[in-house]
Amino acid sequence: MTDKQKVVMFQGDSITDGGRPKESEGHGTSYPYLIASRVGADLANQSPTFYNRGISGNRVSDMNARWNEDTFYYSPDVISILIGVNDAWRIVDNGPKGATDRFERHYTALLAETREVLPETTLILLEPFVLKTGSTVEEWDRWMDIIPTYQAKVRQLADQYDTVFVPLQEMFDQACKLADASFWLYDGVHPTAAGHALIADQWLTIVKKSPKIGHLFHK
């Protein structure tokens, strides 16, 4: 990283949250912790700052509602977003009482406002993912009606708003050839330690190769 001290923000739901202590700036035990550890050690002379603002249970509408205080306030140079599984889960469990799926609507609004308020900030969108094990098995067909649609929408939004896109579903599918799905996502949704390591590795690989941002993550 170069010039001023860089600020990297991680946003999302429980997968990002990772049990982080809300009373301090701890990173929890999820992929942001692994990324911050590796990049921080590599670029210690530049003292980058990492914030984890993932909140367990969040849908994209919840994240959008707190975006001003939890993201804009920090004026991050990089914003990494992983969201969507709770939007799908609520639908699978017949949770929403309204008439529409608001995932795309709120995600689009969030990205559009971010581009307006922080035009120089680099956005990184992570693909939502699931595996067939644990909590997803019983309603797997319904999950498959929703998650692939969300994945396509996130890829589309990444192109539309010129962000870095980090694909994850195929990575987890391939990993299941080495070990059972529950080894990577213990309930079909939440990563194990090994699952978080896969996400961190993929994030670092894609980001470091990106012409948009890769130069910031090299010594």
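Residues numbered from 1 in each chain as written. Predicted model: local features only at pLDDT ≥ 70, side-chain atom pairs only at ≥ 80, totals over all residues. Heavy atoms only, no water.

> Is there a simple way to explain the overall build of the chain in this structure?
Of regular secondary structure, the chain possesses 10 helices and five strands. Relative to the globule expectation of 17 Å for 219 residues, the C-alpha radius of gyration of the chain, 17 Å, shows essentially globular dimensions. Principal axes of the C-alpha set define a box for the chain whose edges measure 50 × 40 × 35 Å. The buried share of the chain, reckoned over its 219 residues, is 55%. Of the side chains in the chain, 22 bear a positive and 29 a negative charge, and the two mean positions are spaced by 2 Å. (Helix = DSSP H or I, 4+ residues; strand = E, 2+ residues; numbered from the N terminus. Rg over C-alpha atoms; globule rule 2.2 N^0.38 Å. Buried < 20%, exposed > 50% of the residue type's maximum accessible area, 1.4 Å probe, protein only. Lys, Arg positive; Asp, Glu negative; His and termini not counted. Charge placed at Lys NZ, Arg CZ, Asp CG, Glu CD.)

> Help me understand the environment of Ala109 in this model?
Relative to the assigned elements, Ala109 resides in helix α6 (residues 103-117). Judged by its relative accessible area of 38%, Ala109 is partly exposed. Residues Ala109 and Asn64, 45 residues apart in the sequence, show an inter-C-alpha distance of 8.1 Å.

> Help me understand helix α2 (residues 31-42) in this model?
Residue pairs spaced three or four apart in an α-helix point in one direction, given the helix's 3.6 residues per turn. Helix length check: α2 (12 residues) gives 17 Å between terminal C-alpha atoms against 16 Å at 1.5 Å per residue, within 8%. By the burial criterion, the buried members of α2 are Tyr31, Pro32, Ile35, Ala36 and Val39. For α2, the buried positions fall inside an angular range of 125 degrees around the axis, keeping them on one side. Turning to α2, the residues buried within the fold contact β1 (7-12), α1 (14-17), β2 (49-52), β3 (78-82), β4 (122-126) and α10 (193-209). (Expected span 1.5 Å × (residues − 1). Arc of directions from axis to C-beta. Contact = heavy atoms within 4.5 Å.)

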